[in-house]
Structure formats: C-alpha cells, structure tokens
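One-letter residues, chain by chain:
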Amino acid sequence: MSDNDVSGLIFAGGRGSRMGNVDKGLQPFRGATLVAHVLQRFAPQVTALTISANRSHEAYASLGAPVLADELGGFAGPLAGLQAGLRRCATPLLATVPCDSPFLPDNLVQRLRDALLAQDADLALAVTMEADDSGAARKQAHPVFSLMKTHVLPRLDAYLARGGRKMDGWHEGLKVAEVLFTDAAAFRNINTREELLAEDRVHRLADLTGDLDPGAMPVRQARHVIERFVRPVRGVEKVALRAALGRVLAEDVISPISVPAHDNSAMDGFAFDGAQLSADHPTRLKVIGTDFAGRPSGLQPGPGQCLRIMTGAVMPAGCDTVLPQEHAAGVEDDCLTIAPRSVRPGDNRRLRGEDLMAGRPALAAGKIVRPADLGLIASLGIAEVPVRRRLRVAFFSTGDELRSVGEPLAQGCVYDSNRYTLFGMLTRLGCELVDMGIVKDDPAALEAALRDACQSADAIVTSGGVSAGAADYTRDIMARLGEVAFWTIGMRPGRPMAFGRIGAEGHEAFLFGLPGNPVAVMVSFYFFARPALLRMMGADAPADLLVQARCAEPIRKRQGRTEFQRGVLSIAPDGSREVRITGAQGSGILRSMTEANCIVVLPDECGNVAAGDLVEVLMFEGLV
C-alpha cells in the first residue's frame with residue numbers, strides 16, 4: 001500500500017440528544033465549531049475526507065468536505081454512517097473519528113496504519129489506559145477512533161442486517177490491532193452543553209497542572225504543561241527560495257515534476273536490453289553510438305547492439321540495463337564483451353520518479369529548511385515557498401547588580417552575560433529578536449518592561465527575578481498580568497524557573513522566566529523554552545537529541561530530582577561513546593559550559609551512577 005491509501009470519515013450523524021437534540025458538530029467551540037476543529041486535526045492525516053451527517057448538509061458542506069447521509073433505514077448510530085462510508089470509500093483503508101472530539105492526536109492515522117500493516121490486521125483501533133472506580137488501571141478501547149480495510153464491509157452489512165448496533169459488536173471474527181496511546185485526554189468527547197461551555201473557555205494554565213505543586217514541578221510534567229499549552233503562530237508569508245533558509249514551511253512543497261523526469265543511467269557505461277545477457281557465456285554487443293546527459297543521440301539499439309552512455313543520460317528506447325564501463329570484459333573495434341554474471345538485467349538504471357513523483361509532497365509542512373532542502377526545492381524549479389512568519393521573542397535580564405559590556409564595574413556588580421547567551425540561542429532558532437536590555441529590580445520597571453514586551457512579541461524570555469529572593473517580583477507581576485503555571489522545578493541546576501502567560505492592551509505572550517545563574521539559564525532554556533519556541537514556530541522538530549554513553553567515572557546523584565551535569569563526550573578505544581564530567585558543577589561557572597561538549601541528563605528516578613553505567617547525554621553542537 002502507498003502513503004495515500006487512507007480516506008477519512010467524521011461521524012456527525014448522531015441526534016445530539018444529550019446536548020438538546022442539536023447537531024453537536026456545528027456547536028460553537030473556541031472561535032469555530034466542534035467539527036471544524038476535528039477537521040483541522042484530521043484532514044492532514046488522510047488523502048480524502050467525508051463527513052457523515054443526516055441533517056444540516058449545507059452547513060457541513062461549507063467546511064469543504066463532501067457530506068454523506070446514512071443509507072440504512074432507521075437510526076443506527078455511527079455504524080450506519082460507517083456502512084455508507086465504506087460503500088463510497090475509494091481507497092483501500094478508511095479511518096474514522098467522531099465530530100465531538102476536537103483534541104484527537106495529530107499522529108492517530110499514522111500509528112493505526114503502522115499497526116494495521118505490521119500485524120496484517122483487518123482493523124486497528126485506539127486504546128488508552130484509564131483508572132477504574134477502585135483506582136486500578138484498565139484498558140479502554142475507542143472503536144470510533146479506528147482504521148479498517150474496506151474489505152470488512154460485508155461483515156458489517158451482515159451484523160447490521162441481524163439488528164446489531166453496538167459499535168464494536170461487529171468486530172467478532174476480524175483480526176483487530178489495538179494501538180496504545182498514552183494521552184487519554186486526546187480521546188475525550190464533548191457530550192453536553194455543560195461540558196462544551198467548560199471546554200470552550202480559554203484554558204487556564206492552572207487547569208493543566210492538576211494537583212501538582214507549582215512550587216515544585218517535576219521536569220517531565222513541566223514540559224508536558226508547556227507542550228499542551230503553546231500553539232504555533234498563524235501568520236504565513238511567501239519568500240524567495242534563498243530567504244527560506246532556516247524558516248519553517250507552512251505548507252507541503254508539492255513537486256510539479258517527477259525526479260528524475262526520465263529513466264536514466266546511474267553510471268558511465270553501456271546501455272542495452274538486459275534480456276540479451278547470457279549466464280554462461282560472454283555476451284558481445286556492437287556499440288552504435290553515444291548518449292550524453294542532456295544530449296540524446298536518438299539512436300535505438302536493436303538485437304546485438306548497445307549504446308555508450310554517460311551518467312544522467314536518458315535511457316534509450318528498448319534499453320533497461322547499464323554495464324559500468326570498468327566492468328566491461330573488453331571493447332575492441334566498437335564491440336563490447338560482457339563477462340557472464342558481471343551485470344544483471346535492470347542494473348544501474350534510475351527509474352522515472354524514483355526520487356520523487358510529480359504531485360507528491362517533496363517536503364512536509366513544519367520542516368525547518370536546511371541547505372539540502374534549498375537544493376531539493378530548486379531542483380523542482382520552485383522559486384518561492386510559503387513559510388510561517390518569524391516568531392517574535394523579547395528578552396531581557398533583571399538585576400540591579402548587572403552592567404552592560406563596556407560599562408565600568410562597581411563593587412558587587414557583574415557583567416550581563418545571560419543576554420548574550422540568550423541572543424545566541426534565540427538567533428540559532430531563527431527568531432525575530434527584541435533585545436530589551438537590563439531591567440532593574442523594581443516592580444514598576446519590571447511590569448512596564450513586561451507590558452511593552454507583551455505588545456511586541458509572541459514570547460518573552462527573561463533571566464533572573466524568579467527565585468525566592470526579596471527583590472524577585474516576576475512571579476507576582478505574572479499573576480497580576482495573566483497567570484503562572486509553575487515557578488519552581490525539581491531540577492539542578494535551574495530550580496527557580498517560571499512559565500505562564502501574560503496580557504496587556506489586548507496582546508498576549510508566553511513568558512519563560514529563567515534563573516539568573518548563567519549555566520542554569522542555558523540548561524533551562526534548552527529543556528523548556530527551546531521545545532516550546534519550536535512548537536510556536538510550527539516546526540516539526542525533535543525536542544531533544546539524546547544519545548547514550550558509558551560513564552567513565554562515578555557520579556553522585558540524589559533521587560527525586562532531575563540533574564543536568566556538564567560533560568565531555570569522547571570515543572573510547574573500543575569505539576563506544578564515553579562521557580566524563582567537567583569537574584565543578586556550580587550553576588554560576590559559565591566557563592564549564594565552554595569546556596563541555598554535552599550535558600549528562602540524570603532523571604528523577606536515577607540515583608548514584610557507577611563507572612561503566614549507561615547515561616543519556618545531550619550534545620551541544622548546533623544547539624547552544
């Protein structure tokens with residue numbers, strides 16, 4: 001099966017009795033409708049999409065998808081919609097989701113499809129682990145979130161003819177693949193007006209933290225809260241190809257041509273019909289001419305003939321094999337001799353569209369454009385590409401003791417290094433920067449700076465001003481201007497770190513309040529701010545680039561918090577990766593970061609590490 005073998009069906013044909021007998025999918029939800037949110041998340045995952053609905057067809061059709069009514073007489077719930085969808089499905093696979101679940105996973109279809117094919121199943125469905133009344137974990141199946149082969153239609157027809165109406169009752173006799181998803185909340189649906197109103201209001205950050213202590217948030221949960229809350233910027237612009245370097249693609253780049261455009265030679269050599277090869281005796285062919293890349297001769301070799309051909313030249317008509325010139329047993333008087341079994345029919349020929357077929361995505365939306373991508377896009381003859389607008393990030397340092405580079409140092413003062421570190425890390429991300437300098441430890445000055453930053457940026461990154469000191473006002477101001485999700489994390493270094501959202505004059509921005517110590521700034525930026533900013537940029541990029549290495553020496557570590565220690569990664573004599581700690585790990589020792597080439601990541605549950613133990617390390621190169 002190919003990547004475009006899945007159609008999608010959204011169930012919207014229910015009566016909506018628990019919501020007052022209305023079309024649930026058309027109910028207002030966060031500036032659109034429920035079904036519009038489902039469609040936005042579901043449509044990119046399938047080739048074609050249909051909405052199953054029994055009324056309000058024009059309203060559903062206005063969303064840009066065809067609408068399909070039940071064909072079964074009498075109300076049969078989603079199974080009737082599924083039956084109609086399977087009958088009209090034009091692809092081998094059909095994926096289904098309900099119209100009242102606007103939080104469905106972005107990778108739902110891909111994961112179901114992978115399991116379906118790997119297990120050679122008839123149907124794949126999502127399952128989650130949830131707590132029962134006693135608090136014990138149990139498996140919860142979600143049969144409306146499924147993917148099936150269209151050949152299951154006769155079994156569904158027979159089940160409905162017998163009067164069956166249970167959503168998974170017709171699965172008996174089918175091979176079913178269950179796919180476990182860890183985020184059970186992604187599959188929740190909205191059934192009542194009360195639930196709709198509760199979900200429709202803008203999420204408060206505090207809602208996402210649950211019962212966790214915002215004054216001592218574990219690292220994993222803190223990252224989860226941030227990931228769930230931030231969203232990509234909406235602005236899109238079209239830029240010239242060279243200006244796209246480092247930008248995030250807003251749409252798939254669709255190839256207008258096939259690459260290569262024709263079957264061509266992968267070698268300098270001789271082209272001929274491979275059927276002429278003898279397995280036991282030398283094959284002799286007459287060389288009748290030469291084809292160059294971009295300059296075909298127009299000659300067509302007949303039986304007993306071949307053409308000399310250069311790499312990239314179009315394969316002559318009737319030829320399917322190329323013998324590399326260095327493998328020729330001999331070439332004398334325009335006669336080529338081919339030794340037995342020195343080449344197989346079809347060898348060394350690049351097929352039309354082998355790299356990319358016309359009409360298929362060459363690069364996916366969300367990709368950060370690299371130099372190789374520029375070359376690929378140029379090879380397709382595309383001069384402009386749509387990219388997300390640059391993410392605007394304001395940043396400043398706080399502290400009365402800070403001085404800018406070039407100013408004299410008074411007693412007890414230090415130069416502001418954090419702003420330069422942040423400048424470098426934000427620049428490497430490709431953000432549009434607003435450098436707001438140094439802000440004094442004064443509540444009025446800090447609030448004014450945050451209000452200004454909020455009106456000019458999508459995100460604000462500060463260093464200092466978030467610990468428990470008497471002059472640290474950031475947390476209180478965050479609460480006054482918006483809300484704060486947490487302000488202390490169970491990690492070392494970087495324990496005092498705040499995340500929240502603030503607003504001023506109708507503008508909102510996410511705020512990352514980083515610690516003041518230089519090493520803690522870099523660690524907390526990489527593990528918390530960087531993944532969030534990439535998500536806001538719309539980038540489909542891995543949050544972490546971790547590798548495993550053997551520890552060359554023991555490391556003392558207390559369980560219950562995550563520790564990040566500076567290290568030097570090298571290759572041991574046996575070829576394995578080996579890491580050593582740089583020495584003193586104080587969070588103010590910036591020199592240790594320049595000496596290190598990685599961070600050793602020791603999670604909460606980890607205790608002391610013995611020499612030879614495997615640990616995870618994060619490479620610096622290209623990141624900080």
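This section reports on the structure supplied with the text. For every chain, the first residue of the written sequence is number 1, and numbering continues from 1 onward in sequence order. Local features are withheld for residues below a pLDDT of 70 in this predicted model, meaning they are given only at 70 or higher, and side-chain atom pairs are given and counted only at 80 or more; totals for whole chains, interfaces and linings count all residues. The basis for every side-chain value is the complete set of heavy atoms in the structure, and neither hydrogens nor water enter the calculation.

### Topic: the pairing of strand β1 (residues 6–11)
Piece 1. Among the six residues that make up β1, six are buried, leaving the element largely enclosed by the rest of the structure.
Piece 2. Burial status follows relative accessibility: with a 1.4 Å probe on protein chains alone, a residue under 20% of its type maximum counts as buried, one over 50% as exposed, and anything between as partly exposed. A helix here means a DSSP run of H or I that spans at least four residues, while a strand means a run of E at least two residues long, and both kinds are numbered starting from the N terminus. Residue alternation in β1 divides its side chains into two sets, Val6, Gly8 and Ile10 and Ser7, Leu9 and Phe11, and both sets are buried.
Piece 3. Direction of pairing for β1 relative to strand β6 (residues 93–98): parallel, over a ladder of six bridges. Residue pairing for β6: Val6 is matched across the bridge by Leu93.
Piece 4. Relative to strand β4 (residues 48–52), β1 is paired through five bridges, and the arrangement is parallel. Considered in β4, the bridge of Ile10 is made with Ile51. Pairing between strands is defined by DSSP: at least two bridges between the two strands are required.

### Some remarks on unusual backbone geometry
Piece 1. A cis amide bond links Val259 with the next residue in sequence, Pro260, at an omega value of -5°.
Piece 2. If you trace the backbone, Pro260 turns up in the loop between β11 (253–254) and β12 (264–265).
Piece 3. Pro493 follows Arg492 through a cis peptide bond whose omega is -5°.
Piece 4. The residue Pro493 is located in the loop between β28 (491–492) and β29 (496–504) in this model.
Piece 5. One non-glycine residue with positive phi stands out, namely Arg341, at about 60°.

### Description of the sheet that holds strand β22 (residues 392–398)
Piece 1. Strand order in the open sheet made by the six strands is β25-β22-β26-β30-β29-β27, with mixed pairing throughout. Both outer strands of the open sheet, β25 (432–439) and β27 (482–488), are each paired with one neighbouring strand and no more. With direction set aside, neighbouring strand axes in the sheet form an average angle of 15°.
Piece 2. Bridge count for β22 against β25 is six bridges, and the pairing is parallel. Helix axes are fitted to C-alpha atoms over the stretch in contact, other axes to C-alpha atoms as well, and angles between N-to-C directions run from 0 to 180 degrees.

### Some remarks on the nonpolar core
Piece 1. Think of a nonpolar core as a cluster: buried Ala, Val, Leu, Ile, Met, Phe, Trp, Tyr and Cys residues, connected wherever their side-chain atoms sit within 4.5 Å. By size, the foremost hydrophobic cluster in this structure holds 50 residues, and its most contacted members are Phe486, Phe512, Phe525, Phe528 and Leu533.
Piece 2. In terms of residue count, the dominant contributor to this core is helix α13 (residues 518–537) (14 residues).
Piece 3. Judged by nonpolar contacts, the second largest core, of 33 residues, contains Val38, Ile51, Ala95 and Ala126.

### Observations concerning the environment of Leu433
Piece 1. Considering the arrangement of structural elements, one finds Leu433 in strand β25.
Piece 2. Among residues more than four places away in sequence, those in contact with Leu433 are Val393, Phe395, Phe423, Leu426 and Thr427. Contacts: residue pairs with any heavy atoms within 4.5 Å of one another.

### Some points on the pattern of salt bridges
Piece 1. By salt bridge we mean one thing: a side-chain nitrogen of Lys or Arg within 4 Å of a carboxyl oxygen of Asp or Glu. Applying the stated rule across the entire model yields 23 salt bridges.
Piece 2. Across the pair Asp100 and Lys24 runs a salt bridge whose closest N-O atoms are separated by 2.5 Å. Remark: Lys24 occurs in the loop between β1 and β2 (28–29) and Asp100 occurs in the loop between β6 and α4 (108–118); sequence separation between them is 76 residues.
Piece 3. The salt bridge partner of Asp416 is Arg419, with a shortest N-O separation of 2.8 Å.
Piece 4. Since its relative accessible area comes to 2%, Asp416 is described here as buried.
Piece 5. When salt bridges that share partners are traced, they join Glu71, Arg87, Arg88 and Asp157 into one network.

### So, the packing of aromatic side chains
Piece 1. Side-chain rings of Phe, Tyr and Trp, where Trp is taken by its six-membered ring, are said to pair if the distance between their centres is within 6.5 Å; with planes under 30 degrees apart they count as stacked, over 60 as edge-to-face, and otherwise as tilted. Counting across every chain of the model gives eight aromatic pairs.
Piece 2. Ring centres 5.5 Å apart and planes at 85° place the aromatic pair Phe229 and Phe510 in the edge-to-face group. Taken together, the residues Phe229 in helix α8 (residues 219–229) and Phe510 in strand β30 (residues 507–514) connect sequence positions 281 residues apart. Of the two residues, Phe229 and Phe510, neither departs from the other in class, the shared state being buried.
Piece 3. With a centroid separation of 5.3 Å and 40° between ring planes, the pair formed by Phe499 and Phe512 is classed as tilted. On the criterion of sequence distance, the pair formed by Phe499 in strand β29 and Phe512 in strand β30 is long-range, its members being 13 residues apart.
Piece 4. The exposure class assigned to Phe499 is buried, which follows from its relative accessible area of 0%.
Piece 5. One aromatic cluster is present, formed by Phe229, Phe486, Phe499, Phe510 and Phe512 through successive ring pairs.
Piece 6. Note that Arg111 overlies the ring of Phe181, its terminal NZ or CZ placed 4.4 Å from the centroid.
Piece 7. Whether a charge sits over a ring comes down to the Lys NZ or Arg CZ being within 6 Å of the ring centre and within 35 degrees of the ring normal. Here the basic side chain of Arg188 rests over the ring of Phe103, its NZ or CZ set 3.8 Å away from the ring centre.

Honestly, it's all geometry; don't read function into it.
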